[in-house]
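Residue-level structure breakdown
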Amino acid sequence: MKLTDIVLRSFRVAKVFRENSDKINCFDFSPNGETVISSSDDDSIVLYDCQEGKPKRTLYSKKYGVDLIRYTHAANTVVYSSNKIDDTIRYLSLHDNKYIRYFPGHNKRVVALSMSPIDDTFISGSLDKTIRLWDLRSPNCQGLMHLQGKPVCSFDPEGLIFAAGVNSEMVKLYDLRSFDKGPFATFKMQYDRNCEWTGLKFSNDGKLILISTNGSFIRLIDAFKGAVMHTFGGYNNSKAVTLEASFTPDSQFIMIGSDDGKIHVWNGESGIKVAVLDGKHTGPITCLQFNPKFMTFASACSNMVSIAKVHRLKQDFC
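As recorded in an unreviewed UniProt entry, the protein chain goes by WD repeat-containing protein 82 and comes from Vombatus ursinus. Recorded in UniProt under Subcellular location (unreviewed entry), the annotation for the protein chain is "Nucleus". In the Sequence similarities (unreviewed entry) part of its UniProt record, the protein chain is described as follows: "Belongs to the WD repeat SWD2 family."

See the structure below:
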């Protein structure tokens with residue numbers, strides 16, 4: 001089934017999960033779309049079965065806390081950042097709830113974590129104004145970049161380059177094989193003193209970059225030229241919360257939640273808002289992602305809500 005304006009407008013809440021006592025700070029779909037895993041400020045990690053529509057398992061990271069959880073390519077393993085005690089990144093086996101490895105190095109909170117789509121490499125960005133490059137097989141940092149401000153960062157869909165958003169005004173593109181030579185492209189954006197960048201994502205076709213902010217707008221830029229394609233606004237974020245924005249898997253639509261529980265959807269080409277959906281949330285929608293394989297998406301505040309098309313159709317994307 002193809003995603004269209006009409007199909008997007010037909011999405012309705014299918015299931016509501018109330019597994020958490022505090023804000024869900026992150027979640028991530030498995031590459032096959034069959035599970036989604038969440039991390040929360042209540043120190044829990046909850047694994048959901050997307051096909052059966054129910055929680056499968058809950059683990060805890062009471063000592064170190066848990067944030068920015070990401071699936072790796074190995075089955076049943078995740079990496080996540082700590083938000084208590086230290087700023088070490090941890091590599092966890094979900095199968096037996098044991099740590100496989102630790103990645104120490106950052107000395108302030110990690111605010112960005114991106115897994116390579118092709119191998120065991122991942123990158124992290126921190127309030128210590130550095131981006132670090134890692135390999136899951138080694139606890140030692142494989143590369144270090146010192147920046148002028150807070151970074152957000154992400155791999156492109158081919159895993160060959162990564163983008164770093166620096167100081168909420170610049171996007172720098174690095175070749176993974178020669179990142180130590182500096183960026184091969186730098187795009188300067190108009191600085192907005194009223195908000196800061198909170199996230200950066202590539203579209204699946206690699207042509208676009210989506211910049212999230214803690215203001216009431218997000219920005220879509222051309223990944224090759226850096227030109228601003230569209231600035232999307234008209235949603236509520238009065239408390240300057242970090243709201244996650246996402247592409248649909250076909251790279252055609254952009255979605256973001258708001259602090260009043262609504263989900264706003266735009267056509268990436270025309271820039272026109274095509275839908276405003278009711279997410280049935282009691283608080284700001286801090287996390288929002290479309291399932292990579294099935295016609296469902298998830299959004300979260302302190303509840304996890306899975307939203308599906310009416311009749312809960314589960315077709316693969318063509």
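1. What about the UniProt feature "repeat: WD" (unreviewed entry) in the protein chain?
Mapped onto this structure's residue numbering, the UniProt feature "repeat: WD" (unreviewed entry) falls at residues 17-58, 103-138 and 235-276. Overall, residues 17-58 shows 0% helix and 57% strand. The separation of its end C-alpha atoms is 13 Å. Secondary structure across residues 103-138 divides into 0% helix and 56% strand, with the first and last C-alpha atoms of the span separated by 8 Å.

2. Description of the packing of aromatic side chains
Enumeration according to the criterion identifies 16 aromatic pairs in this entry. Ring centres of Y64 and Y99 lie 6.4 Å apart, and the angle between their planes is 75 degrees; on these two criteria the pair is classed as edge-to-face. Taken together, the positions of Y64 in the loop between β5 (54-60) and β6 (67-71) and Y99 in strand β9 (residues 98-103) put the pair 35 residues apart, joining distant regions of the chain. A residue is classified by how much of its surface remains accessible, and Y64, at 15% relative accessible area, is buried. Centre to centre, the rings of Y235 and W266 are 6.1 Å apart; their planes meet at 70 degrees, and the pair counts as edge-to-face. Residue Y235 is found in the loop between β21 (228-232) and β22 (245-247), and its partner W266 is found in strand β24 (residues 262-267); the two are separated by 31 residues along the sequence. For the pair Y235 and W266, one class covers both residues: buried. By the ring-pair criterion, three or more aromatic residues cluster together here, those being Y64, Y80, Y99 and Y102. Lying across the ring of Y99, R90 places its NZ or CZ 5.9 Å from the centre.

3. So, the environment of D175
On the secondary structure map, D175 appears in strand β16 (residues 170-175). Take D175: its relative accessible area is 18%, and that puts it in the buried class. Through-space distance from the C-alpha of D175 to that of A163 is 9.1 Å; in sequence the pair is twelve residues apart. For D175, the contacting residues outside a window of four places in its chain are L160, I161 and F184. A polar side-chain atom of D175 sits 2.8 Å from the main-chain amide nitrogen of R177.

4. What about the pairing of strand β4 (residues 44-49)?
With six of six residues buried, β4 is to be regarded as a mostly interior element. Here β4 shows a buried face lined by S44, V46 and Y48 and a second buried face lined by I45, L47 and D49. Bridge analysis of strand β3 (residues 35-40) against β4 gives five bridges, and the strand direction is antiparallel. Bridge pairing links V36 to Y48 in β4. Between β3 and β4, which pair antiparallel in sequence order, lie three residues; one of them, D43, sits at a positive phi of approximately 75 degrees. Bridging between β4 and β5 involves six bridges; their strand directions are antiparallel. Bridge pairing in β5 places S44 opposite Y60. Taken together, β4 and the strand that follows it, β5, pair antiparallel across an intervening segment of four residues, in which G53 is found at a positive phi of about 70 degrees.

Criteria and thresholds
Residues numbered from 1 in each chain as written. Predicted model: local features only at pLDDT ≥ 70, side-chain atom pairs only at ≥ 80, totals over all residues. Heavy atoms only, no water. UniProt positions renumbered as here; feature names shortened; annotations may be inferred. Helix = DSSP H or I, 4+ residues; strand = E, 2+ residues; numbered from the N terminus. Phe/Tyr/Trp six-rings, centres within 6.5 Å; stacked < 30°, edge-to-face > 60°. Buried < 20%, exposed > 50% of the residue type's maximum accessible area, 1.4 Å probe, protein only. Lys NZ or Arg CZ within 6 Å of the ring centre and 35° of its normal. Contact = heavy atoms within 4.5 Å. Polar contact = N/O pair within 3.5 Å; in protein donor to acceptor, adjacent residues only side chain to side chain. Pairing = 2+ DSSP bridges.

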